[in-house]
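Single-letter residue listing:
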Amino acid sequence: MTDLTDKIALVTGANSGLGKATATGLAKMGATVVMICRSRERGEAAQRDIIQQAGNQNVHLLQADLSVQAEVRRVADEFKGRFNQLHLLVNNAGVTLYERQITSDGIEATMAINHLASFLLTHLLLDVLQASAPARIININTVPWRNTTVHFDDLHFEKRKFSGFAAYSETKTANLMFTFELARRLQGTGVTVNAVHPGVFKSNLGKQNRPRPFSLMLWLFNPFIATPEQAAERVIHVAASPEWAAQTGRYVGKGEKDIQPPPQCRDDDAVQQLWEVSQRMTGLA
Ligand SMILES: NC(=O)c1ccc[n+]([C@@H]2O[C@H](COP(=O)([O-])OP(=O)(O)OC[C@H]3O[C@@H](n4cnc5c(N)ncnc54)[C@H](OP(=O)(O)O)[C@@H]3O)[C@@H](O)[C@H]2O)c1
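Residues numbered from 1 in each chain as written. Predicted model: local features only at pLDDT ≥ 70, side-chain atom pairs only at ≥ 80, totals over all residues.

Points about the site of the ligand
For step 1, the next point in the chain: Lining the immediate environment of the ligand, one finds 27 residues, of which Gly-13, Gly-17, Leu-66, Gly-94 and Ser-203 sit closest.
For step 2, the next point in the chain: When residues in the shell around the ligand are grouped by element, the largest group, three residues, is from helix H1 (residues 17-28).
For step 3, the next point in the chain: For the shell around the ligand, the residue count by class is 11 nonpolar, 13 polar and three charged. (Near = placed C-beta within 6 Å. Helix = DSSP H or I, 4+ residues; strand = E, 2+ residues; numbered from the N terminus. Nonpolar A, V, L, I, M, F, W, Y, C, P; charged D, E, K, R; others polar.)

And the structure:
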């Protein structure tokens, strides 16, 4: 097992599912783990579990609702006020929504959480990541529908009927473009950026409002679906293993095999547009 003593890792959405399993795995390897959780109560419960399971007291909690950009900015400042290094950032927090929701910033909520929160948080922490290099950024992704395209003319589903699957797929595609472009921009800085598809695993994702047929299908397949702990093994490997120290700009799944991204991710104009739109929507430009 790689020894991560003296390394600081920040994991978003660390109170449940993949985020909690990843935080636990990193804490077992000796890292100082900082969890960002939406609910202080759920965060504290998970923090106690992780400390107990990992036998590592260096597990800290920061509370923030990442759908609200002012909270992303506040939590980034809070992190920098308490820690002066960051070696690993895991942008894990994510949602699947089955009804259209608009955040207090006026943004469709799937876009706000799955893409813009990671875009903004990563940018706000880039200085400390670069000063701590070698450092790694991991964006948790999925396999979007093959031909998913980000609809730049309707990012908030104002013109189209809302579809939770489409919104999820589009926001993960946006996040893939961000991953590839950030990796390109950070070449030579000692900070790597990769996207990991953890596979399908047992999850709370969208649990509150899942359509019935989908819940039934998940229930039927439940015995064959991986646990978050199994899914986290892949993330932890990319996050911590020496073989991944210099790999960047990759999008990997099972067996560390590269996944073919939707074609839009290889369209330079679309990537540039995604970057500029994300900057504008997060107030970074
Ligand atoms: N499950 C799968 O099969 C699968 C497959 C591919 C990719 N993924 C990806 O894996 C990641 C983790 O998902 P999961 O399956 O582990 O689901 P999960 O158990 O629901 O975990 C999602 C985490 O994100 C947090 N989160 C959601 N909205 C937030 C917000 N506004 N502010 C702060 N935190 C927020 C949740 O906090 P709360 O507990 O407060 O809601 C929770 O801690 C996601 O990015 C997902 O897209 C999952």
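Digging into the nonpolar core
For step 1, the next point in the chain: If you look at the biggest cluster of nonpolar residues, it comprises 74 residues, and the most contacted ones within it are Leu-26, Val-33, Met-35 and Val-235.
For step 2, the next point in the chain: Of all the elements, helix H4 (residues 109-131) adds the most residues to this core, at 11 residues. (Core = buried A, V, L, I, M, F, W, Y, C linked by C-beta atoms within 7 Å. Buried ≥ 20, exposed ≤ 12 C-beta atoms within 10 Å, placed from the backbone.)

Here we look at the pairing of strand S2 (residues 32-37)
For step 1, the next point in the chain: Within S2, six of the six residues are buried, leaving the element largely enclosed by the surrounding structure.
For step 2, the next point in the chain: Going residue by residue along S2, you find Thr-32, Val-34 and Ile-36 tucked away on one face and Val-33, Met-35 and Cys-37 tucked away on the opposite face as well.
For step 3, the next point in the chain: Handedness of the crossover joining strand S1 (residues 8-12) and S2 through H1 is recorded here as right-handed.
For step 4, the next point in the chain: In this structure, S2 lies alongside strand S3 (residues 59-63), joined through five bridges in parallel fashion. Bridging from a neighbouring strand, Val-33 pairs with Val-59 of S3.
For step 5, the next point in the chain: Taken together, S2, helix H2 (residues 40-54) and S3 form a β-α-β motif whose crossover is right-handed. (Right-handed = clockwise from strand over helix to strand, strands pointing away. Pairing = 2+ DSSP bridges.)

Considering the sheet that holds S2
For step 1, the next point in the chain: Taken in spatial order, the seven strands of this open sheet run S3-S2-S1-S4-S5-S6-S7, and their pairing is parallel. At either margin of the open sheet sits one strand with a lone partner, and together these are S3 and strand S7 (251-252).
For step 2, the next point in the chain: Two elements, strand S4 (residues 88-91) and strand S5 (residues 135-140), share four bridges in a ladder whose sense is parallel. Considered in S5, the bridge of Asn-91 is made with Asn-139.
For step 3, the next point in the chain: Strand contacts of H1: S1, S2, S3, S4 and S5, with the helix running at about 170° to S1, the strand carrying the most contacts.
For step 4, the next point in the chain: Across the sheet, H4 lies against S4, S5 and strand S6 (191-196), angled at about 175° from S4, the strand it touches most. (Contact = placed C-beta atoms within 7 Å. Axes fitted to C-alpha atoms, helices over the stretch in contact; angles between N-to-C directions.)

Some thoughts on the environment of Ile-113
For step 1, the next point in the chain: Within the secondary structure, Ile-113 sits in helix H4.
For step 2, the next point in the chain: For Ile-113, a count of 25 C-beta atoms within 10 Å translates into the label buried.
For step 3, the next point in the chain: When the C-alpha positions of Ile-113 and Tyr-168 are compared, they lie 10 Å apart, and in sequence the two are 55 residues distant.
For step 4, the next point in the chain: Filtering out sequence-adjacent residues up to four positions away, Ile-113 remains in contact with Leu-66, Ser-67, Ala-93, Gly-94 and Val-95.

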